[in-house]
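Summary of the model geometry
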Amino acid sequence: MSDLTRSVGIVQAQTAVFDTPLQLASGAVLPDYQLCFETYGTLNAARSNAILICHALSGHHHVAGRYTPEDKAAGWWDNMVGPGKPIDTDRFFVVGVNNLGGCHGSTGPSSINPATGQPWGSSFPVVTVPDWVRSQARLADRLGIDRWAAIIGGSLGGMQTLQWSIDYPERVAHALVIASAPKLSAQNIAFNDVARQAILTDPDFHGGDYYAHDAIPRRGLRLARMLGHITYLSDDGMGEKFGRMLKSGDYQFGYEVEFEIESYLRYQGDKFSDYFDANTYLLMTKALDYFDPAKDLNDDLVAALRKASARFMVASFTSDWRFSPERSREIVKALVAADKEVVYGEIESVHGHDAFLMLDAPYVNLMRAYLNRVAEEVNA
Amino acid sequence: MSTANTLRADLQLIADWVAPASRVLDLGCGDGALLSWLNRHKAVRGYGVDFDVNNVVRCVQAGVNAIQGNLETGLAEFEDQRFDHVVLSQTIQAMHNTEQILVEMLRVGREAIVTFPNFGYWENRWQILQGHMPVSETIPYQWYNTPNIHWCMLGDFEALCAKNGIQVLERVVMNEGKRILFLPNLRGSLAFYRVARQPA
């Protein structure tokens, strides 16, 4: 698998500014906004080889490559996107986008509200998955892409992919829904609310207007991330990596970091609170909670998916308990009942929910085989 | 290779039973050879089901829609009477829930096609008489490593069908790719059944 080490190289983010107001599901209207995005590969003359990558909860537009040669970390899905990789940038034109409400260049709570000259903060409207899809469709218009060869997303990204296939059936040829669910379970919403409560009750939160107070609700964000992290890993995977390993070899009988897993979680929490915006975390988890494409159709997912004309690939991972294989099978079942074409893979993995970012061989093989099929169809 | 124009003789017989433009569910679909052929030659639509992710990958390579799943736990992904034909080719003898799968097949499909190695084939009987479990082209395993756990002969399968209100529409017995009409239970190594629910 030497080709997996190949990279799209040095990349640069771009910004698209939209001055047509965007009506949101909540009833609010964003008068204007910008989306930050990156592209890799070349759009062919027929404009038929474009792939949209939808990001998950803490994601953004930086999917692959590096910003500078010294950059330590590559884009979040660099092992899947690049020349010769399953999402092959020698064949496809790949677009990564940061969602509205984000904190990586797209308009969000930390952006300046032109009406006040102050950061939006608590006044930034709640955004939903259908809102994102509508804003992304405008980006597609801007890029001259009438129809995506494929839209691909994991977790919250998979929800956007599903929503795209329902809201713009004529614009999606293939939808790849990975480690996702047709809607969150009560347990999932519960986890999200604990994460939100950690942020909302942080004394530095200031009702969401911490920007003006020169403060950051770092503790809350850190806790939210630690909780999230636990749920994205599996017990086996965590046990394999950390077990009960101690930092100093023996019990210290105190509350400092003793176990390696504590050290790891605190490190991840700290790192996250340095670069992620607390208001964005609140918005993204709400978008997750609200996602339910069958809500207005008497909970009939089959009826919702009947509108789609895409062909689907659904994948799940055996150790993922946050978005378990059962949830993916609900999607598959509804797609079959709606008479759609669907491929489903249930990948053996110890990596929990995070497995969709890893390189388990059957997963890579499935992605590669499916995307080869897509590439052949569009002569990419 | 599954994209070839010729099918293995046993799969060809199944393919002959499938109506053009029908909906087919192929259980234990392997590399998707049958569905791929049916797709191209009979405009059939459908899904393969296989337990092994590597087979799902091979199906995708062959342009076949495959759904990874465990037949032992039933066919919960599929609604009642969704398919015209449900195929189970040389798999039923390896299943734990033999009776359940047969019933499930006719829940989701109008007709089922079941094929299995005939344990009553004379060479099998002969090997048993010599004091050994049979090993042959259709049964290429030793007793200790075989996935096959539920052996049957033609009459046994037909009795199971009768018990579940299932009607045999057609039966073909083959040996080395040829149809066997005389003494089929003795001279046939592979059995093919087309079955449906008995009308109420």
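Residues numbered from 1 in each chain as written. Chains lettered and ligands numbered in written order. Predicted model: local features only at pLDDT ≥ 70, side-chain atom pairs only at ≥ 80, totals over all residues. Heavy atoms only, no water.

1. So, the overall build of chain A
- A tally of regular secondary structure across chain A gives ten helices and 14 strands.
- Relative to the globule expectation of 21 Å for 380 residues, the C-alpha radius of gyration of chain A, 20 Å, shows essentially globular dimensions.
- The C-alpha extent of chain A, read off along each of the three principal axes, is 65 × 50 × 50 Å.
- For chain A, the residues scored as buried account for 57% of the 380 residues in total.
- Taking as baseline every contact in chain A between residues at least 6 positions apart, the subset at least 24 positions apart corresponds to 71%.
- About 15300 Å² of surface is accessible on chain A, with carbon and sulfur atoms providing 51% of the total.
- Here chain A holds 34 positive side-chain charges and 46 negative ones, and the gap between their average locations is 3 Å. (Helix = DSSP H or I, 4+ residues; strand = E, 2+ residues; numbered from the N terminus. Rg over C-alpha atoms; globule rule 2.2 N^0.38 Å. Buried < 20%, exposed > 50% of the residue type's maximum accessible area, 1.4 Å probe, protein only. Contact = heavy atoms within 4.5 Å. Areas by Shrake-Rupley, 256 points an atom, 1.4 Å probe, with all protein chains shown as cover. Lys, Arg positive; Asp, Glu negative; His and termini not counted. Charge placed at Lys NZ, Arg CZ, Asp CG, Glu CD.)

2. Structural notes on the domain arrangement of chain A
Residues and elements named next belong to chain A.
- Assigned domains within chain A: domain 1 (14-183 + 291-378) and domain 2 (188-285).
- Taken together, the 29 residues of domain 1 in the interface contact 26 residues of domain 2.
- In this assembly, domain 1 packs against domain 2 so that about 2300 Å² is buried in total across both faces, 60% of it on carbon and sulfur atoms.
- In this structure, the connection of domain 1 to domain 2 is made through zero salt bridges. (Domains from an automatic or database assignment. Buried area = accessible area lost by both parts, 1.4 Å probe. Salt bridge = Lys/Arg side-chain N within 4 Å of Asp/Glu carboxyl O.)

3. So, the interface of chain B and chain A
- Counting residues at the interface gives 19 residues for chain B and 21 residues for chain A.
- When the two sides are added together, the surface that chain B and chain A hide from each other amounts to roughly 1800 Å², 54% of it contributed by carbon and sulfur.
- Where chain B meets chain A, there are four salt bridges.
- In this structure, Arg 329 of chain A engages Glu 77 of chain B in a salt bridge whose closest nitrogen and oxygen atoms are separated by 3.5 Å.
- If you look at where chain B meets chain A, you find twelve residue pairs in polar contact (both at pLDDT 80 or more).
- Those elements giving two or more residues to the side of chain B that touches chain A turn out to be β2 (45-50), α3 (53-61) and β3 (66-68) of chain B.
- Per-element accounting of the side of chain B that touches chain A gives the leading share, five residues, to α3 of chain B.
- Its residues assigned to classes, the side of chain B that touches chain A comprises ten nonpolar, four polar and five charged. (Polar contact = N/O pair within 3.5 Å; in protein donor to acceptor, adjacent residues only side chain to side chain. Nonpolar A, V, L, I, M, F, W, Y, C, P; charged D, E, K, R; others polar.)

4. Some remarks on the UniProt feature "active site" (unreviewed entry) in chain A
Residue and element names in this part refer to chain A.
- Residues given the UniProt feature "active site" (unreviewed entry) here are Ser 155, Asp 320 and His 353. Sequence-wise these annotated residues cover 199 residues; spatially they are packed, their C-alpha atoms never more than 10.8 Å apart.
- By the secondary structure assignment, Asp 320 is in the loop between β13 (311-317) and α9 (325-337).
- The contacts of Asp 320, once residues within four sequence positions are left out, are Ala 179, Pro 325, Gly 352 and His 353.
- Within the secondary structure layout, His 353 lies in the loop between β14 (342-347) and α10 (361-377).
- Not counting residues within four places of it along the chain, the set of residues in contact with His 353 comprises Ser 155, Ala 179, Thr 231, Tyr 232, Asp 320 and Phe 323. (UniProt positions renumbered as here; feature names shortened; annotations may be inferred.)

5. So, the environment of Leu 305 of chain A
Residues and elements named next belong to chain A.
- Along the polypeptide, Leu 305 turns up in helix α8 (residues 301-306).
- Leu 305 sits 139 residues away from Ile 166 along the chain, and the two C-alpha atoms are 6.1 Å apart.
- Every residue in contact with Leu 305, bar those within four places of it in the chain, is listed here: Leu 162, Ile 166, Ile 331, Ala 334, Leu 335, Ala 338 and Lys 340.

6. Points about helix α4 (residues 218-232) of chain A
All names here are of chain A.
- When the terminal C-alpha atoms of α4 are compared, their 21 Å separation across 15 residues agrees well with the 21 Å that a helix rising 1.5 Å per residue should span.
- All of the buried residues along α4 are Gly 220, Leu 221, Ala 224, Arg 225, Met 226, Gly 228, His 229, Thr 231 and Tyr 232.
- Buried positions along α4 lie against α3 (186-200), α6 (260-275) and α7 (278-290). (Expected span 1.5 Å × (residues − 1).)

7. So, helix α4 (residues 98-108) of chain B
- Taken together, the buried positions of α4 of chain B are occupied by Thr 98, Ile 101, Leu 102, Glu 104, Met 105, Leu 106 and Val 108 of chain B.
- Those residues of α4 of chain B hidden inside the fold are in contact with β1 (23-27), β4 (83-89), β5 (109-117), α6 (154-163), β6 (166-175) and β8 (190-197) of chain B.

8. Points about the UniProt feature "domain: AB hydrolase-1" (unreviewed entry) in chain A
- The sites that UniProt annotates as "domain: AB hydrolase-1" (unreviewed entry) are residues 49-337 of chain A.
- Within residues 49-337 of chain A, the helical portion is 39% and the strand portion 12%, while the C-alpha atoms at the span's ends are 29 Å from each other.

9. Topic: the packing of aromatic side chains
All names here are of chain A.
- Enumeration according to the criterion identifies 27 aromatic pairs over all chains in this entry.
- Residues Trp 120 and Phe 124 carry aromatic rings whose centres are separated by 5.4 Å and whose planes lie at 85° to one another, so their mutual orientation is edge-to-face. Each member of the pair, Trp 120 as well as Phe 124, is classed as buried.
- A centroid spacing of 5.8 Å and a plane angle of 40° characterise the contact between Phe 205 and Tyr 210, whose relative ring orientation is tilted. (Phe/Tyr/Trp six-rings, centres within 6.5 Å; stacked < 30°, edge-to-face > 60°.)

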